[in-house]
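# Coordinate analysis (summary)
Here's the letter readout for the chains.
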Amino acid sequence: MFALVDGNSFYASCEQVFDVNAAARPVVVLSNNDGVVVAATRDLKEAGVELFRPYFQIKDQLAVKNVRVFSSNYTLYDDMQRRLVSIYRDHAEAVEVYSIDEAFLSLGPLAEDTLLRWGDRLRRQALQWTGVPVGIGIGRSKTLAKLANHLAKRDPLPDQPHGVCALVTTGQIAAGLARVRLKDLWGINRGNIRRLAKLGIETPVAFAAADPNRVREHLGVVCQRMVYELRGEPYLPLESITPDRKNVCVSRSFASTVKNYGELRESVVTFASQAGVKLRRQDLAAHAISVFIQTDRHAPEHVEQYGNSAGLRFTVASFDTRELSKAAVRCLSHIYRQKHAYKKAGVMLHDLVKREAVQPGLFDRRDHDKAQRMMAVMDRVNREHGNGALRLASSSPFTLLPCRTWHRRTEKCSPRYTTRWDELPVARARR
């Protein structure tokens, strides 16, 4: 038995937990550089506010509706997700973190007549302990759990608790499939819908009843497995162990264009440093690195466009911030052109391997044990005292000094309430 738990309007809900002025008002959260709307409370969605619309296009509309607007605060969202996942682990045999706001849970041998009570108890505890409302879908397969979660928020089945939906019995599964369209199913895209229509399959009910072998012949093994999943036969296992990354990318669109090489170099070193932290969190090392830069695609037509990338391979796979940053600067020096103003840059690490699997080089005389100890100290200091407390001199000072012009625009960013001592929320008691 599986469950899918996700935070309702997760980013917006996290903001409402701590901001008294936002708790009773509609909320939207903007993307990097305050570009587009990436999250909105349910009342705004029902009022017609579309996600991924450019903010400047609907700014006046939101002001009329007295909407509270926030820049993305990923530090806060990540920490709130960790808190929710810790609650899920107390209620399930295993947890697969699917995204920042979604997690699949393996429920084990729970009786069918206890599933709804289990879901309602988890939903109430998550709300009480974190303030974030969640929706819970329960099913015999991951696909049914995903569908049940969709119904829990939009079209709940009768006689089921608020925010919880179970598609377990034959009757529940049939009723759930009858309430949705093919496009609502997990993993079904427009191309799949067109090919299914040619087979005479136009509803989820017909899809679940279709011949699996015929579906595989025309749409492949993924859709064949989905047929079985919709029937309550699990084919997708729970991935309780997060697979190792194949690559790591840190990139950013700048708040304003950057022409000065020193500033661009600083951004690239900072991105390489952040990528190194991500590597070490999973105990990985990189065999190769690449850097890319590009101008503003939305600049006037008379502005010449330019974009390029360069990469190199390490003799020995590395996780050392110093080596990664030095290599990133070498790549940047090959592609930088002084006449252009740049809007975006990024660093990618490729061919990742576990650190214990790194093959030493015959002529490599570097002390890798010392480097590992140094990086461990650097990471520990930054965890305890804030990102950027200990850094390379050529990287950004992060929060220690005023932001550089290449930093992303976050004019409406909320405090990092749960991870910074100097940004803790303050409660005042009145007589």
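Position numbers for residues start from 1 in each chain and track the written sequence from start to end. Predicted model: local features are reported for residues with pLDDT of at least 70 only, side-chain atom pairs are reported and counted for 80 or more only, and whole-chain, interface and lining totals are derived from all residues. Side-chain numbers come from the whole structure's heavy atoms, not from hydrogens or water.

## Details of the nonpolar core
How we decide: We define a nonpolar core as any set of buried Ala, Val, Leu, Ile, Met, Phe, Trp, Tyr and Cys residues linked to one another through side-chain atoms lying within 4.5 Å. Three labels apply to residues, based on accessible area from a 1.4 Å probe with only protein chains included: buried if under 20% of the type maximum, exposed if over 50%, partly exposed otherwise in between. What counts as a helix is a DSSP run of H or I of at least four residues, what counts as a strand is a run of E of at least two, and both are numbered from the N terminus. The contact rule is simple, with two residues in contact once any of their heavy atoms fall within 4.5 Å.
Core analysis: the largest hydrophobic core is formed by 35 residues, its most contacted members being Tyr-88, Leu-105 and Ile-138. For this core, the secondary-structure elements that each account for two or more residues are β1 (2–7), α1 (10–18), β2 (27–30), α5 (74–91), β6 (102–106), α6 (115–130), β7 (134–139) and β8 (164–167). Here this core takes 7 residues from α5, the largest share from any one element. Excluding residues within four positions of it along the chain, Leu-105 makes contact with Met-1, Phe-2, Ala-3, Val-5, Tyr-88, Ala-92, Ala-94, Val-95, Trp-118, Leu-122 and Leu-238. Core analysis: the next-biggest nonpolar cluster, separate from the first, contains 31 residues, Ile-289, Val-291, Leu-324 and Tyr-336 among them.

## Observations concerning unusual backbone geometry
You will see that Asn-66, though not glycine, has its phi angle at about 60°, which is positive. With respect to the helices and strands, the residue Asn-66 is situated in the loop between α4 (55–64) and β4 (68–70). The class for Asn-66 is partly exposed, based on a relative accessible area of 45%. A positive phi angle is found at Asp-283, which is not glycine, with a value near 60°.

## As for helix α7 (residues 142–154)
Each α-helix turn comprises 3.6 residues. Residues three or four places apart therefore point the same way. Convention followed: Between the first and last residue of a helix there are one fewer steps than residues, each counted as 1.5 Å, and that sum is the expected span.
For α7, which comprises 13 residues, the first-to-last C-alpha distance of 19 Å matches the rise-based estimate of 18 Å (1.5 Å per residue) to within 8%. Most of α7 is tucked away, with 11 of its 13 residues classed as buried. Every buried residue of α7 is listed here: Lys-142, Thr-143, Leu-144, Ala-145, Lys-146, Leu-147, Ala-148, Asn-149, His-150, Leu-151 and Ala-152.

## Points about the sheet that holds strand β3 (residues 37–40)
Under the convention used in this document: Following DSSP output, two strands are said to pair if at least two bridges run between them. Axis lines are fitted through C-alpha atoms, for helices just across the contact stretch, and the angle between N-to-C directions can take any value from 0 to 180 degrees.
Taken together, 3 strands build an open sheet; the order of strands is β3-β2-β4 and the sheet is mixed. Because the sheet does not close on itself, it has two edges, and the strands there are β3 and β4. Each adjacent strand pair in this sheet contributes to an overall mean axis angle of 25°, direction not counted. Direction of pairing for β2 relative to β4: parallel, over a ladder of 3 bridges. Within β4, the residue paired with Val-27 across the bridge is Arg-68.

## Some thoughts on the layout of surface pockets
Stated formally: The pocket and cavity definitions rest on a 1 Å grid over protein atoms only: a 1.4 Å probe that fits but cannot leave marks a cavity, an open set with protein on both sides within 12 Å along at least five of seven lines marks a pocket, and residues lining either have an atom within 4 Å of a point. Grid points are joined across faces, edges and corners, and a volume is the space filled by probe spheres set on the points. Gly counts as polar in this scheme, as do all residues outside two lists: the nonpolar Ala, Val, Leu, Ile, Met, Phe, Trp, Tyr, Cys and Pro, and the charged Asp, Glu, Lys and Arg.
Taken as a whole, the second largest pocket spans an internal volume of roughly 1000 Å³. As for the second largest pocket, its lining consists of 38 residues, of which Asn-8, Ser-9, Lys-45, Lys-153 and Arg-154 are closest to the centre. Elements that contribute at least two residues to the lining of the second largest pocket include exactly β1, α1, β3, α3 (42–46), α6, β7 and α7. By residue number, the principal contributor to the lining of the second largest pocket is α7, which donates 6 residues. For the lining of the second largest pocket, the class distribution of residues is 16 nonpolar, 11 polar and 11 charged.

## Structural notes on α4
The line we're drawing: Working note: the arc is built from the helix axis to C-beta atom directions.
Taken together, the buried positions of α4 are Tyr-55, Ile-58 and Leu-62. The buried residues of α4 occupy one face: seen down the axis, they fall within an arc of 85°. In this structure, α4 carries Phe-56, Asp-60, Ala-63 and Val-64 as exposed residues pointing more than 90 degrees from its buried face. On its buried face, α4 is in contact with β2, β3 and β4. Within two residues after α4, Asn-66 carries a phi angle of roughly 60°, on the positive side.

## Some details on the packing of aromatic side chains
Here a ring pair, both rings aromatic, is described through the centre-centre distance and the interplanar angle of the planes. Rules: Planes of paired rings set the category: under 30 degrees apart is stacked, over 60 is edge-to-face and the rest tilted, where pairs are Phe, Tyr or Trp rings (Trp by its six-membered ring) whose centres lie within 6.5 Å. Charge-over-ring placement is defined geometrically: NZ (Lys) or CZ (Arg) within 6 Å of the ring centre, and within 35 degrees of the ring normal.
Counted by the stated rule, this structure contains 12 aromatic pairs. Here the aromatic rings of Tyr-11 and Tyr-77 are separated by 4.3 Å at their centres, their planes lie at 10°, and the arrangement is stacked. Of this pair, Tyr-11 sits in helix α1 while Tyr-77 is found in helix α5, placing the two residues 66 residues apart along the sequence. A relative accessible area of 0% places Tyr-77 in the buried class. Taken together, a centroid distance of 5.4 Å and an interplanar angle of 35° make the contact between Phe-104 and Trp-186 tilted. Taken together, the residues span a long stretch of sequence, with Phe-104 in strand β6 and Trp-186 in the loop between α8 (170–178) and α9 (190–198) at a distance of 82 residues. The same class applies to Phe-104 and to Trp-186, which are both buried. By the ring-pair criterion, three or more aromatic residues cluster together here, those being Phe-10, Tyr-11, Tyr-74 and Tyr-77. The cationic tip of Lys-142 hangs over the ring face of Phe-104; the distance from NZ or CZ to the ring centre is 4.6 Å. A cation over a ring is seen here: Arg-355 above Phe-319, with NZ or CZ 4.7 Å from the ring centre.

Limitation: the analysis is restricted to geometry and does not speak to function.
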